[in-house]
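Take a look at the letters that make up each chain.
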Amino acid sequence: MFTTDALTDLYNVTILGGLQRVDSCMSVASAGKIKMSSIRGTIVDDEKNNFYIREVLHSKFKYIINKLTSNEYYMQNEPKYINFVYPTGVGPSGPKDIEAASNVFLLKCIVAREGFPLPRLFNCLVATFCAYPEKDYCILLVQKKNRNIRSHVEVLSYFMPVMARPTSVSDLDEMYITHRSTIFGEISIYEMTKDDMPVVLSLAIGNMSEKNHTSLSSENASVTYCSKVNERAELEHELRVLEDIMMDVLENEFSEFLVFTIRCGNSTKSIERNTPIGYVVLRQFHSHSKLFDHYHLPRQENHLDHLRAEIISLRLHPLFLVSSAQIFRDLARKTNFFDFYFISSFKKSKFGNDLKKMMMVLEPRPIKKAPVPFKDHIEVMSSTAQLNIPKPNFDRDYLIIYRHRLKPNKWFTNSKKIVIIGFTPMTKAFLRRLIFQWNTKDFSNANNYTCLSWPEVTVICNPGVVEAEYDDLFVCPYCAYSRDCYLSYQNVPCYIRDCCARMDMRYWVNFIPGRVQLVNRQKKFVKANACDIYYDSLLLMCARMFVLRVPSSEVAIARPCNFVEVNCQLNKLMLFHKLRALLEDMPNTYHIVVYGNNLSTYECVTFLISHGVESSRIVCLQPHRSTGNEMEAKLKSPYWDTNLQYILNDILADSGVKVLEDYKFHHWVLHESGDFIRQVVFQHFPRRHRVSYECDIFISFEEGYMAPQNKIWIQSAGIDMEGDDILVNERYQTNDPNIYAAGNYIKLRRECNYQYKFVSQRETARKLLHHLGIAPINKFEDRFSEPLHFQARLPLNYFITKITLPRRFLASTSSTFAYKMTTYKDNTFCRVVLSQTMVVEEIVVVTKLECYLDFLQHFCGKHELLLNNLNARYKANTIQDFLMWFQEAWAELIMHENFDELQVENRGILKTMAVAAQNKNVNRGPFQDVTDQDFYVLNKRYVEQRLLNFLREHRAEFKHKFALPEDFVAINPFSWNPGTEETDASTETSEQD
């Protein structure tokens, strides 16, 4: 949808493509409007002439905005009529005839008394079908509040849900349906034969007709935006691969693939008497050890090394999805595989698996343990290359891993309906925490169940935002590596980055594209695009990072078409297409104004220069950032860095960019004939004189304000605000207890002594789930302790990673007492900042290494003594590069998942020593000092023994092999050493000579 080919029809629209274009960038429509001078026919320099010269350009800008921000571009509203045909005979049919002709009966209620064995409810279903022998289908209506009843949970395992059609009726009951064959039929698995090849291919095609299945020419594919074009292309590729695999299985006795057909009927009868309902293609999985770098998996499963299988393709009739557990057990009995994996890639060809919704999704690691390069790898030919099966690179590819270990299914859901407004990094962190609420450090749920998520959550966001986040077809023509490009590079940590890279939230979350119009607090619904979305708990997560404050007279006016604020992936893609149109239509006369004073501003300027914009045509104006002892100045934020920005300003100035500091945006001048900016006016601080610049694109990175359109419906709903901040309590509740707010634009009603802005989204999501009662925390505290991560591209091919620790106590915090340590080696600059208590509160790395440095989050917030005597070794000049220092063997111990538990145990021991030291009596006897010394030595040895036991327990999980005492051979001084005796004899002989 966002590729260059998808927008080539800009020239096919009447007002654009139908007009003749000349070298002067004027159209036929505007040629008669431009004032011409009688002297040599030159164009008079007039304001209106600038508009007419750029008329086509601004029409393209409007088209890009209207196209990429409209619902019609991503989905079509087509009315469909369903004709029901009943075999009621020749005469006119009445209600009784229609009722007699129906093939379904309704199960109104099924409840089991307490203590009744729930598996026996299957016999009740059998009895209901026996009561209606002429009916083939059974439907069950369940209210949402009754879905978690024990008897319903058991019965629903034999039903499949039915999606509701769009309707204006709210609070509909959930419908489930099952078929007689699902209850009485016997599912069997058979090895594929030659006669099964057409059956497998027909099952792979499924409901897609042969007409839609025909191949598409490149011309049609370049102008078609329907996602089914890609689905048909992927299906054609899958069919070719299936044919090759089946031929390999039939002709090669030692083929690595296994193909089975899934049939329903009576296993005692011949295969022809059983109806085919699906197939499965699999092979042995050899790459399990490569999953640990990016996915959270238990390591104590070595007994399954030769019993793991990779599912290549699996198709199954929808009515039999409830029989997934039986199908996997039969596969295990046939193949001796007891651990099944399915790998889905965002970038490569996708293969179908109808049972992936009944498989457990592996959660990516919340924090990586090593630098992750983001350059695309060179494809290595595998043994199956002739079959066109992609070989994933588990280190660098974005993969979604599904798993099934033959464990019983267990659903995890929330009882109350949650509605979220906005799809921001805070939303992604909350959704991930909600989906994987079952995942724990000890794998207590994952080891005993097949954990399946079923969250009752709806997200309302602007059209195109979700589609842009999951788009995998866009390729930047300027960059050799897609992940190295500004359009694909993400500034958020891996916990949020993997939400759109190593998982697809669209499988669990109901996304509704639209703009919020109002919030009805009495009836508890949100109105968006004439739809009423009801909620039990409403979460406001729509805060944008960059919002420009315009004069109050222009708040209600739509934003100009040449104005850009980069708050999401969609904004980046729109900026790219606007920039492309600008360089094509006005290659020599354009002007771009960039406004901002943070690291994202430099990242955007770097993008402009590297994508065809001349440096001399960029003006970068930076507002004055106030500093001092105010409360806001004490907040640690990774989004700006004053010392580095001085250097970055010099780099931009040397490259030809005009940089002006301490200029505040005042207003812009719109042309009277269109909604575009003609000039932007700035005012200097503190001299207050104004400057104005003409611009074709105005990019703003001003922060600290709420979007005007969001502020309107928030205030109209009666939600308390103070300036641009939403007032909340300690539980993140607004003045309405059913409405919560989270993000950087909230303010606690009660003044607190800790930082709650610019904090980790992951930690905030965990606190929200605790307050909602979904995932309670045992030892909960309001203060924040996890660091906030930010990364960005910089000029001269540099990358910055900045990690800051939120301040736990604001009143006693001052940046003047911070101790800063810096290193520079091989184009890598590092800065580590220690607080007054010698705790690492900031880590900054500026390097040319093209990799993500999320692993540095493990060290922010740790005491310098815990980091291998960081301060003392730095003063001794033994640390040349902090980035390499944090990758040494000792650092792997700190990055272990269970290291925090070891610290808690050691703290109990050290606390006892500290209390004993404080309770010392001045008048002590000579034997008391010996007792205390023995006490300290004993506790020290106990702490050391705890560390050695920790290494012994988790030794196999470390890449670096730590040496333990038992690894060294004990030396007995009284043992006879023949080598030593021979040496002594030779020495005596030499002395006699």
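These numbers come from a predicted model, not from an experiment.

All right, on to the overall build of the chain then. When you go through the chain residue by residue, the secondary structure sums to 27 helices and 39 strands. Counting across all 993 residues of the chain, residues that qualify as buried make up 49%. In the chain, of all internal contacts separated by at least 6 residues, the share reaching a separation of at least 24 is 72%. When the accessible surface of the chain is summed, it comes to about 49,800 Å², and 52% of that surface belongs to carbon and sulfur atoms.

Moving on, we get to the confidence of the model for the chain. With 81% of its residues at a pLDDT of 70 or more, the chain has an overall mean of 83. pLDDT under 50 marks residues 979–993. Its contacts with residues more than four places away, or in other chains, come to one contact.

Once that is clear, we can look at the pattern of salt bridges. Scanning the model with the defined rule gives 51 salt bridges in all. Here R497 and D854 are joined by a salt bridge, their closest N and O atoms 2.8 Å apart. Taken together, the positions of R497 in helix α16 (residues 494–497) and D854 in the loop between β39 (851–852) and α22 (870–875) put the pair 357 residues apart, joining distant regions of the chain. For D854, a relative accessible area of 0% corresponds to the buried category. Put simply, K636 and E842 hold a salt bridge, and the shortest N to O gap is 2.8 Å. Of the two residues, K636 sits in the loop between β24 (618–622) and α19 (642–655) while E842 sits in strand β38 (residues 840–847), which places them 206 residues apart along the sequence. Of the two residues examined, K636 and E842, each falls in the buried class. Because the salt bridges share partners, they merge into one network encompassing E301, R308, D339, R403 and R405.

For the rest of this paragraph, the subject is the sheet that holds strand β30 (residues 721–722). Hydrogen bonds between backbone groups are what pair the strands of a sheet, and the pairing can be parallel or antiparallel. What the three strands build is an open sheet, ordered β30-β31-β33; its pairing is mixed. Only two strands of the sheet have a single partner each, and these edge strands are β30 and β33 (746–748). Of the strand pairs in this sheet, β30 and strand β31 (residues 725–728) are connected by two bridges, and their pairing is antiparallel. Opposite E722, over in β31, you have D725 as the bridge partner.

Checked against the element boundaries, Y705 lands in the loop between β29 (697–700) and α20 (708–716). As a C-alpha pair, Y705 and F546 span 159 residues in sequence and 7.5 Å in three-dimensional space. Discounting chain neighbours no more than four positions away, the residues touching Y705 are R544, V547, R549, K664, D724 and Y745.

With that out of the way, let us pick up empty space enclosed by the protein. Any empty space left between the atoms is revealed when a probe the size of a water molecule rolls over them. Scanning the entire structure with this criterion turns up seven cavities of 30 Å³ or more. Around the largest cavity, the lining is made up of 20 residues, and of these K347, E469, D471, S488 and Q490 lie nearest the centre. Breaking the lining of the largest cavity down by element, the ones donating at least two residues are α15 (465–469) and α17 (569–585). One number sums up the size of the second largest cavity: a volume of about 180 Å³.

Quick look at helix α9 (residues 197–205) now. Taken together, the buried positions of α9 are M197, V200, L201, A204 and I205. Mapping the buried residues of α9 onto a view down its axis gives an arc of 135°, with all of them on the same face. G206 occupies a position one or two residues after α9 and carries a positive phi of about 65°.

Right, let's talk about a nonpolar patch on the surface for a bit. Together, L106, L141, V162 and M175 give the surface a local cluster of nonpolar side chains, amounting to about 290 Å² of exposed area. Judged by its relative accessible area of 34%, M175 is partly exposed.

So, about the state of the cysteines. On inspection of all chains with the given rule, the structure shows zero disulfides. Between C568, a free cysteine, and C461, which holds the nearest cysteine sulfur, the sulfur-to-sulfur gap is 9.3 Å.

This brings us to the pairing of strand β27 (residues 677–684). Of all eight residues that make up β27, eight are buried, and the element is covered over most of its length. As paired elements, strand β26 (residues 663–670) and β27 share seven bridges and run antiparallel to each other. Paired with L670 across the two strands is I677, which belongs to β27. Once β27 ends, the chain turns through five residues before running back antiparallel as strand β28 (residues 690–694), passing R688 with a positive phi of about 70°.

Before going further, it helps to spend a moment on the packing of helix α18 (residues 599–610) against α19. Packing of α18 against α19 leaves a shortest axis separation of 11 Å and a crossing angle of 20°. When the axis of α18 is compared with that of α19, the two are roughly parallel. Classified by chirality, the crossing of α19 by α18 is left-handed. Side by side, α18 and α19 meet where L599, Y602, V605 and I609 of the first sit next to Q645, L648, N649, L652 and S655 of the second. When the residues that make up the contact of α18 with α19 are grouped by side-chain class, the tally is six nonpolar, three polar and no charged.

By size, the foremost hydrophobic cluster in this structure holds 170 residues, and its most contacted members are F430, I592 and I699. Beyond its immediate stretch of four places on either side in the chain, F430 contacts I418, I420, L539, M541, A765, L768, L769 and L772. Counting 35 residues, the second largest nonpolar core, distinct from the first, contains L856, M895, F899 and L902.

What follows concerns the packing of helix α4 (residues 55–68) against α17. Put simply, α4 and α17 touch, their axes get as near as 10 Å, and they point 160° apart. In terms of their interaxial angle, α4 and α17 are classed as roughly antiparallel. Pair α4 / α17 crosses with right-handed handedness. Of α17, the residues touching α4 (which contributes V56, L57, K60, F61, I64, I65 and L68) are L570, M574, H577, K578, A581, L582 and D585. Looking at the contact of α4 with α17 residue by residue, the class counts come to ten nonpolar, one polar and three charged.

Moving on, we come to the sheet that holds strand β10 (residues 360–361). With mixed pairing, the seven strands of this open sheet are ordered in space as β5-β6-β7-β8-β9-β12-β10. Edge strands, defined here as strands with exactly one partner in the open sheet, are β5 (186–191) and β10. Its contacts with the sheet place α9 against β6 (257–265), β7 (275–284) and β8 (308–316), and it is angled at close to 95° to β7. Its contacts with the sheet put helix α13 (residues 324–335) on β5, β6, β7, β8, β9 (339–345) and β12 (399–404), and the angle it makes with β5 is roughly 35°.

Moving on: the packing of aromatic side chains. One pair of aromatic rings is described through two measures. These are the centre distance and the angle between the planes. Within this structure, the stated rule accounts for 39 aromatic pairs. With a centroid separation of 6.3 Å and an interplanar angle of 80°, the aromatic rings of F682 and F698 are classed as edge-to-face. Placement of F682 in strand β27 and of F698 in strand β29 is noted, with a sequence separation of 16 residues between them. Judged by centre distance (4.6 Å) and plane angle (20°), the ring pair of F859 and F886 falls under stacked. Of this pair, F859 sits in the loop between β39 and α22 while F886 sits in the loop between α23 (882–885) and α24 (889–894), and the two are 27 residues apart along the sequence. Here F859 matches F886 in class, with each residue buried. Members of the aromatic cluster, connected to one another through ring pairs, are F855, F859, Y874, F882, W885, F886 and W890. Across from the ring centre of F61, 5.9 Å away, lies the NZ or CZ of K578, which sits over that ring. Directly above the aromatic system of F784 lies the positively charged group of K767, at a separation of 5.0 Å from the ring centroid.

Take helix α21 (residues 761–771) next. In terms of burial, α21 is a largely internal element, nine of the eleven residues being buried. Along α21, the residues classified as buried are Q761, E763, T764, A765, R766, K767, L768, L769 and H771. Among the structural elements, α14 (425–435), α16, β32 (739–741) and β34 (788–794) are those in contact with the buried residues of α21. Where α21 starts, the residue carrying a side-chain oxygen 3.3 Å from the main-chain nitrogen of R762 turns out to be S760. Remark: G773 follows α21 within two positions and exhibits a positive phi of approximately 80°.

Cut-offs used in this document
Residues numbered from 1 in each chain as written. Predicted model: local features only at pLDDT ≥ 70, side-chain atom pairs only at ≥ 80, totals over all residues. Heavy atoms only, no water. Helix = DSSP H or I, 4+ residues; strand = E, 2+ residues; numbered from the N terminus. Buried < 20%, exposed > 50% of the residue type's maximum accessible area, 1.4 Å probe, protein only. Contact = heavy atoms within 4.5 Å. Areas by Shrake-Rupley, 256 points an atom, 1.4 Å probe, with all protein chains shown as cover. pLDDT = per-residue confidence, 0-100. Salt bridge = Lys/Arg side-chain N within 4 Å of Asp/Glu carboxyl O. Pairing = 2+ DSSP bridges. 1 Å grid on protein atoms, 1.4 Å probe; cavity = no way out; pocket = protein on both sides within 12 Å on 5 of 7 lines; lining within 4 Å. Points joined across faces, edges and corners; volume = space filled by probe spheres on them. Arc of directions from axis to C-beta. Patch = residues over 30% accessible without salt bridge, like charges linked within 9 Å, V, L, I, M, F, W, Y side chains within 5 Å. Disulfide = S-S within 2.5 Å. Axes fitted to C-alpha atoms, helices over the stretch in contact; angles between N-to-C directions. Parallel < 35°, antiparallel > 145°, perpendicular 65-115°, else oblique. Left-handed = near helix turned anticlockwise from the far one by under 90°. Nonpolar A, V, L, I, M, F, W, Y, C, P; charged D, E, K, R; others polar. Core = buried A, V, L, I, M, F, W, Y, C linked by side-chain atoms within 4.5 Å. Phe/Tyr/Trp six-rings, centres within 6.5 Å; stacked < 30°, edge-to-face > 60°. Lys NZ or Arg CZ within 6 Å of the ring centre and 35° of its normal. Polar contact = N/O pair within 3.5 Å; in protein donor to acceptor, adjacent residues only side chain to side chain.

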